[in-house]
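# An overview of the molecular structure
The primary structure of each chain is shown beneath.
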Amino acid sequence: MLLPTDLLGEWVLRRRVDDRRAGVDGIVTGTTCLTRTGPDEVRWDESGTMTFDGRTVPVSRTLHVRRADDDRWTVFFADGRPFHDWVWGERVDHGCAPDDYTGVLAGDADRWTVRWEAHGPAKDYVLDSELRRRSHPAD
């Protein structure tokens, strides 16, 4: 099992977006950077460009991964709301009624993936992200 502290550094991000409800797909390309901000916290920054449904737009987000007193890690949105438990290789859930979200973090210290599926009355999509450790500035 990898912890967020095992993944510190800069990553090349490629995310495939499959919005089955809208019948369109897209690609996000950019970077992800995991930075230790304290002994029990890692900041997760993503930035890039999304090409989706014939449009290209800049995208970004910030998450925080924090370790609790019981040594378990949890991912939080930038505004402090809990997102999901940090569990490696097993399904995690994010409750956001009326839709259901399930995700999986998997891989190793040089390449890892994040997969999210959303199903419900408002959403039906899959996000498949691949992160490769940046080996040099030209990546």
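Above: the structure in question.
Structure report, in brief. (Residues numbered from 1 in each chain as written. Predicted model: local features only at pLDDT ≥ 70, side-chain atom pairs only at ≥ 80, totals over all residues. Heavy atoms only, no water.)

## Focus on the layout of surface pockets
Filter applied, for reference: Detection works on a 1 Å grid of protein atoms alone, calling trapped sets that fit a 1.4 Å probe cavities and calling open sets with protein on both sides within 12 Å along at least five of seven lines pockets, with lining residues defined by an atom within 4 Å of a point. Grid points are joined across faces, edges and corners, and a volume is the space filled by probe spheres set on the points. Under the convention adopted here, Pro, Cys and the residues Ala, Val, Leu, Ile, Met, Phe, Trp and Tyr are nonpolar, Asp, Glu, Lys and Arg are charged, and Gly plus all remaining residues are polar.
Within this model, the largest pocket holds a volume of roughly 550 Å³. Residue lining of the largest pocket: 28 residues in total, with Arg15, Arg61, Phe83, Tyr125 and Leu127 positioned closest to the centre. Split by residue class, the lining of the largest pocket holds 16 nonpolar, six polar and six charged.

## Digging into the environment of Ser135
This is how the line gets drawn: Every helix listed is a DSSP run of H or I at least four residues long, and every strand listed is a run of E at least two residues long, numbered separately from the N terminus. The buried label goes to any residue with under 20% of its type's maximum accessible area, the exposed label to any with over 50%, and the partly exposed label to all in between, with areas taken from a 1.4 Å probe on protein chains only.
Topologically, Ser135 is positioned in the segment after β10 (124–133). For Ser135, a relative accessible area of 56% gives the class exposed. Along the sequence, Ser135 and Trp11 sit 124 residues apart, while their C-alpha atoms lie 8.7 Å from each other.

## Details of the side chain of Arg15
Our working rule: Throughout this description, a polar contact denotes any pair of N or O atoms lying within 3.5 Å of each other; where both atoms belong to protein, one of them has to be capable of donating a hydrogen while the other can accept it, and for residues adjacent in sequence the pair is counted only when both atoms sit in side chains. Whether two residues are in contact is decided by their heavy atoms, any of which lying within 4.5 Å being enough.
Structurally, Arg15 is set in strand β1 (residues 9–19). Of note is the side chain of Arg15, whose polar atom sits 2.5 Å from the side chain of Ser129. When sequence neighbours within four positions are dropped, the list of residues in contact with Arg15 reads Gly26, Ile27, Val28, Glu46, Arg61, Leu127, Asp128 and Ser129.

## Quick notes on the nonpolar core
Most often, soluble globular proteins have nonpolar side chains that are buried together. Note the threshold: The criterion is simple. A nonpolar core is a set of buried Ala, Val, Leu, Ile, Met, Phe, Trp, Tyr and Cys residues joined through side-chain atoms within 4.5 Å.
Within the largest apolar cluster, 29 residues are counted, with the highest numbers of intra-cluster contacts made by Leu7, Trp44, Trp86 and Trp112. For this core, the secondary structure elements donating two or more residues are β1, β2 (24–38), β3 (41–52), β4 (55–67), β5 (73–77), β8 (99–107), β9 (111–119) and β10.

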